[in-house]
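Chain by chain, the residues:
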Amino acid sequence: MLQFILNDQDISTDLPGGMTLLDFVRYRQNLKGTKIGCREGDCGACTIMIGELVEDEMRYRTMTSCLMPLANAAGMHIVTIEGINPTDGSLTPVQKAMVDESGTQCGFCTVGFVLSLTNFCIEASRNANPAPQGHSEAEQSVMKRAKESAVSSIDGNICRCTGYKSIERAACRLSEQLPVNSEQFVPEYFSKIVSRLQALRNAATQAETRAVASVPVVSGGTDVYVQRPEELAEIDANHLFYDDELREIRDLGDTIEIGASVTVSDLIESPVMNAVFPDLYKHLKLVSSTPIRNMATLAGNFVNASPIGDMTIWFLALDAEIILRARSGSDRILALKDLYLGYKHLAKQSDEIITAIRFRKPGADSYFNFEKVSKRTYLDIATVNTAISLKLADETESEIRNPNSEIVEAHVSAGGVAPIPLYLKETSAFLSGKQIDAETIAAANEIMQAEISPISDVRGTADYKRLLLRQLFRAHFVELFATEFTDITES
Amino acid sequence: MKSIDAHSHVRGESVYLDDIPLVQGTLFACVFDSPIAHGKLKSVDTTEAELSEGVFRVITAKDISGENQIGGIVPDEPLLAHGEVHFAGQPIAIVLAETEELAKKASRKITVEIEELEPVLDPRVAAANGDLIVPAKQFVLGDTSNAFANCEHVFEGRTETNGQEHLYIETQGAYALPTEQGGLKIYSSTQGPTAVQRAVCRVTGLPMHHVEVDVQRLGGGFGGKEDQANAWAAICAVGAQLTKRPVKYALHRMEDMRMTGKRHPYSSDYKIGLDKELKIVAYEVTFYQNAGAACDLSPPVLERTLFHCTNSYFIPNVRATAYCCRTNLPPNTAFRGFGGPQAMFVIESAIAHAAEKLGVSSSEIQRKNLIGDGDEFPYGQIAESDAITSWMQGDAEYDFAALAKEADEFNSTSKYFRKGVAIMPVCFGISFTKTPMNQARSLVHVYTDGSVAVSTGAVEMGQGVNTKIAQVAAKVFGLSIEKVRLHTANTLRIANTSPTAASAAADLNGKATQIACEQIRDRLFEVAKPLVEAETVDSLSLENGFIYRDGERTSLDWQTLVMDAHLQRVNLSEHAHYTTPGINFDWGTAKGHPFAYHVYGTAIVGVTVDCLRGRYAVDYVKCCHDFGSSMNTAVDHGQIEGGIVQGIGWMTMEEVVYDEKGRLRSNALSTYKVPDIYSVPKDIEILPLETSRENLAIFNSKAVGEPPLMYGIGAFFAVRNAINAFNHTSPEFIAPFTPERVLMNLFRNDNRDVVG
């Protein structure tokens, strides 16, 4: 029995937990405001809000309901457009902004935008300080960031009619109104959701939680629901997404340990991660879109074993290791780079699940960069992605990074250039002990080109992928060390 | 004035095809389509599928009671393949089951035996084989042969433009319900209700008065649902006819992308000749249109390519030849611009080519050759041109030279980035080039409570046509827009409609509505005359819900007047008919006056290319656009912004990829990329052209649907200019400029150490 709140309504259902939330709301609940555009999380027409009770407060995130198993709704507050609409037929501030700025043409994608912006508004209002009224530089900068956040909230919504400018104007206008009482954006009944979910949680039987390690295992669902939606729709899988044990990010001193069900959004919001990765948001913004980042988990990315999995490439370059737990309950540790044996072939038993990822905490002497190019810069799958981490001998306190330092340790990874997400073993080994200069970079590229074996496919020709990796490898060094070329980061 | 649909859109209460409440007993269709692009269809085995859970019936070509044919212009497109398959994705069988999932499951159990034949994918190969869908078409002005002999400079080259997936967010779909006496009611997501009606009648054998087609709205169309909506409606109709049960089919995105045609790819050759003063004296162009496996709308698309082969320029000697080439791709079809963009890309390439060789800027050649008042288009129509004024007003507002200089200065200091700027003038003809299609009807009812209902053949798909039509009725009746309600496009209320296409729907249907409303208004004035003691009806007017006499408000309000008229047995309804005056075209001579008017504009596009990674961003598109006199700036600005972004998408990231077997590889949103919010121009500026010229548009408000798309072509040339600023390699004229093509061009002479 799955129990949750859908808009203002308590739901108890025996339907298979694998059914998508999209089919549930549209065809079982007859809530037709949520639209079907692609069923693979790429258009955002089916965006809904998921409210989770976190420390006696509701925290909402958007998700694409086409990739979300019903099981992941358990204990949550699910919000569709019907749960936002004022009952008197009027409009919320978000809806009004969209109308006033003519942010809707054919209307088919519109509801997704409204939900994304509503989610932005209520979360921003919850988190933010009073709106800056002045025109000081600091205040202007806060305003600019608010606008950027408003726009980033709709980075997973595709519109084919408007060219987005009108929607952007609506988003900016909303960001200027913030923060206001979040009640403005949602109906009255939202104020009772905390207590209703608490009651639901207390009453819920914990009996059916993962006692049986059934197969398949589903976490955020963003990959498996693209690959085999029909198979999953009819079954109850082993759903791990909201397993609290798997959702922690812990600073263990020398290492950082991240639970398997931590999402990309969790990483972006994590103080632990931001403390060691100053460019975290800039890099992870290149990973899919807001609603997908809200769902996509690290372990899911690892076991999907896509040769271009962004997070896999990221953690390969951190020389991370994973903790695998067998059905028996015993754990073993495996280097992430040893997980991949061949195309979608893993050094993992079928009864094992990943429970955590662990990596050495980068110090002041460490440098990390992530590069990705795809046909569309954002909300796309990489043609080639690559990450690098370098530990340098020179531990100066200076702000200016010293490119003349010797590399003590290097780890380089690349995606889209082999049947597996590739740890560039030879290239990494070569870089150790070298000075960072044009010669080293050129020589490393030679080795790298010998390590990779790209194929031509819909994302690009093999020749292009080779050239692109060379360029992105160069870009690592330009980003990390060529401070005189500041324009590189402008775009 | 905001869109009249906006309120229900933002509340998620607007109704699209998949939202129509289901009638009990509805069956769901799923098509089994050919996995092979070309072959002999030896057998189809549906046994397993028929035994599959929940399956009611499986239909193949032999079951069709009417004609197995949906080709509108040329009868070359069977609804279900028989004998041969001509493209991967061609429907072969229809499974009807109790649920969508069961229909899908069963369709996978169908097996076919196909003897594979070599697919033809290249239009030049098809042309060489003589496989043309219609005979070649040609426009001739002056004498190019003689003219080239006297040209100071002559350049020849070749261009390629790829297709474009429409990617309406609402996929194709239809829902057919059996009605009395063997009739059918069809809900369809179509731009052409009458085209659907004809296709349905053909496959079912029913006469047109037995078939009702109803269209509430589309979740985007862009031309993709003009002819390509027919198949799905016909499939549901055949199913409903055979089973006597309602049949629904809303396509899955991957089915839609795989089975439907797209914008036509073109391969073209050009030859351009200029004199010493950089005047273009002669231009020859040959277009090889990749039409796909069936005619669809390819011939009129090809014709519009010819009509726009010289874009905004006057060239005294032109020879343009166009081939409609049959290949083994899904039948390519209408897409916003309808062949115009493909033509403009070629002339702009020719100019860029000439400019590069002559060491001048493209804009210099562009500016010198803009068409002027009284100049002749290659098809005989005499220009009433605002090409030069739109350029000059744009230049005055944005300062083209300063923008170019800004890019140059940036380029001289940046190590890894290059900026490129390009100007894109556009001239687009408004009217269906097939003259008989330029007609429309409107049905207007005024009810006794004073509310007004309007039905036309126009289909609302986000372009705001219904809002404009409602404005027309509200204006004529002097009412607020809330008093007017637009109803569905329905073939029982409005018969023999032209599709909502060619940017002409607001003009045609708006004018028909204007006529209908004026006739009702005139009858109401007769009723009002004695009531307000007016001498003549000429002294009367309707404003703010009241009758005015000599500009003074009387005590007679609209609702009282309407009720009085009804009691006096005056007709409060009208069904009016409009045809565009003064247009004609003779394909015998390939001359005439096909367009009611042209829309002009000039845009300047700026981009920044990251020369390290091959990525790029469009910094701005600034245009001076000819609205005539816009009746709805909110709607029209939305059309411009949306059109520009769609045009940029076509020129940059949108890449339709078929493999060597003719199977679509870019078959999902994960592999076919349309612009997202981060990839659109940071800045779009729109300056309305100042003009007092009269035109044939509704209330002088010119058509705006298609023309702005072609500003996006400037993005290609801006990117190309940026690459040239980096390495002077003169990239070929092959669109789209994907990040791959950009990077490969940036390092064209520097690949050795990559593979080494």
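All of these numbers come straight from a predicted model, not from anything done at the bench.

Undergrad: So what's going on with the environment of B:Val452? Residues and values would help.
TA: Residues and elements named next belong to chain B. Tracing the sequence through the fold places Val452 in strand β18 (residues 452–456). A relative accessible area of 2% means that Val452 is categorised as buried. Residue contacts for Val452: discarding those within four places in its chain leaves Val444, His445, Val446, Phe477, Leu479, Lys483, Val484, Arg485 and Trp558.

Undergrad: Run through the packing of aromatic side chains, naming residues and quoting values.
TA: Residues and elements named next belong to chain B. Applying the stated criterion across every chain yields a total of 40 aromatic pairs over all chains. Their ring planes at 75° and their centres at 5.0 Å tell us that Phe139 and Phe307 sit as a pair that is edge-to-face. Of this pair, Phe139 sits in strand β7 (residues 137–141) while Phe307 sits in helix α9 (residues 298–307); the two residues are 168 residues apart in sequence, bridging distant segments of the chain. Residues Phe139 and Phe307 agree in their burial class; the two are buried. Ring plane angle 40° and centroid distance 6.2 Å describe the contact between Phe717 and Phe733, whose orientation is recorded as tilted. One end of the pair, Phe717, is in helix α18 (residues 713–727); the other, Phe733, is in strand β30 (residues 733–734), with 16 residues separating them in the sequence.

Undergrad: An account of the nonpolar core is requested, with residue identities and associated values reported.
TA: Counting 281 residues, the largest nonpolar core has A:Leu21, A:Ile78, A:Phe302, A:Trp314, A:Phe315 and A:Leu390 as the members making the most contacts within it. In terms of residue count, the dominant contributor to this core is helix α10 (residues 340–358) of chain B (10 residues). Shared between two domains, this core takes at least three residues from each, and those domains are domain 1 (6–118 + 166–259) and domain 2 (266–432 + 590–751) of chain B.

Undergrad: Any chance you could break down the interface of chain A and chain B for me, citing the residues and the numbers?
TA: The interface is formed by 84 residues belonging to chain A together with 82 residues belonging to chain B. Of all residues in chain A, the largest losses of buried area upon contact with chain B belong to A:Arg160, A:Lys375 and A:Arg376, amounting jointly to 13% of the total for that side. Residues B:Arg613 and A:Glu479 are paired through a salt bridge, measuring 3.3 Å at the closest nitrogen-oxygen approach. For the pair chain A and chain B, the interface holds 41 residue pairs in polar contact (both at pLDDT 80 or more). Top element by residues in the side of chain A that touches chain B is helix α17 (residues 462–481) of chain A. It accounts for 12 residues. Of the residues contributing to the side of chain A that touches chain B, the split by class is 33 nonpolar, 23 polar and 28 charged.

Undergrad: Please give an account of the state of the cysteines that cites residues and values.
TA: Inspection of every chain in the model, using the stated rule, returns zero disulfides over all chains. You can see A:Cys172 has no disulfide; the closest cysteine sulfur is in A:Cys121, sitting 12 Å from it. Using a relative accessible area of 18% as the deciding quantity, one classes A:Cys172 as buried. There is no disulfide at B:Cys201, and the cysteine sulfur nearest it, in B:Cys236, is 15 Å away. Look at B:Cys201 and you get buried, because its relative accessible area is 8%.

Undergrad: Quick rundown of the sheet that holds strand β8 (residues 153–161) of chain B? Include the residues and the values.
TA: Residues and elements named next belong to chain B. With mixed pairing, the six strands of this open sheet are ordered in space as β7-β15-β14-β13-β8-β30. Strands with a single pairing partner mark the edges of an open sheet, and in this sheet they are β7 and β30. With two bridges joining them, β8 and β30 adopt parallel strand pairing. Across the sheet, residue Glu160 finds its bridge partner in β30, namely Ile734. Here α9 sits on the sheet in contact with β7, β13 (266–274), β14 (280–292) and β15 (317–326), set at roughly 160° to β15.

Undergrad: How would you summarise the side chain of B:His308 if you had to cite specific residues and measurements?
TA: Relative to the helices and strands, B:His308 is located in the loop between α9 and β15. At 3.5 Å, the side chain of B:His308 forms a polar contact with the backbone nitrogen of B:Gly429.

Undergrad: Which residues make up the domain arrangement of chain B, and what are the values?
TA: Residues and elements named next belong to chain B. Its domain assignment divides chain B into domain 1 (6–118 + 166–259), domain 2 (266–432 + 590–751) and domain 3 (439–579). On a C-alpha basis, the centres of domain 2 and domain 3 stand 39 Å from each other. Contacts between the two partners involve 20 residues from domain 2 and, on the opposite side, 21 residues from domain 3. Together, the buried faces of domain 2 and domain 3 total about 1500 Å²; carbon and sulfur atoms form 60% of this surface. Looking only at domain 2, the three residues that lose the most surface to domain 3 are Phe432, Ile698 and Phe699, adding up to 42% of its buried area. For the pair domain 2 and domain 3, the number of links is one salt bridge. Element by element, the count of residues in the side of domain 2 that touches domain 3 is highest for helix α17 (residues 633–651), at three residues. Residues of the side of domain 2 that touches domain 3, tallied by class, amount to 12 nonpolar, five polar and three charged.

Basis of the calculations
- Residues numbered from 1 in each chain as written.
- Chains lettered and ligands numbered in written order.
- Predicted model: local features only at pLDDT ≥ 70, side-chain atom pairs only at ≥ 80, totals over all residues.
- Heavy atoms only, no water.
- Helix = DSSP H or I, 4+ residues; strand = E, 2+ residues; numbered from the N terminus.
- Buried < 20%, exposed > 50% of the residue type's maximum accessible area, 1.4 Å probe, protein only.
- Contact = heavy atoms within 4.5 Å.
- Phe/Tyr/Trp six-rings, centres within 6.5 Å; stacked < 30°, edge-to-face > 60°.
- Core = buried A, V, L, I, M, F, W, Y, C linked by side-chain atoms within 4.5 Å.
- Domains from an automatic or database assignment.
- Buried area = accessible area lost by both parts, 1.4 Å probe.
- Salt bridge = Lys/Arg side-chain N within 4 Å of Asp/Glu carboxyl O.
- Polar contact = N/O pair within 3.5 Å; in protein donor to acceptor, adjacent residues only side chain to side chain.
- Nonpolar A, V, L, I, M, F, W, Y, C, P; charged D, E, K, R; others polar.
- Disulfide = S-S within 2.5 Å.
- Pairing = 2+ DSSP bridges.
- Axes fitted to C-alpha atoms, helices over the stretch in contact; angles between N-to-C directions.

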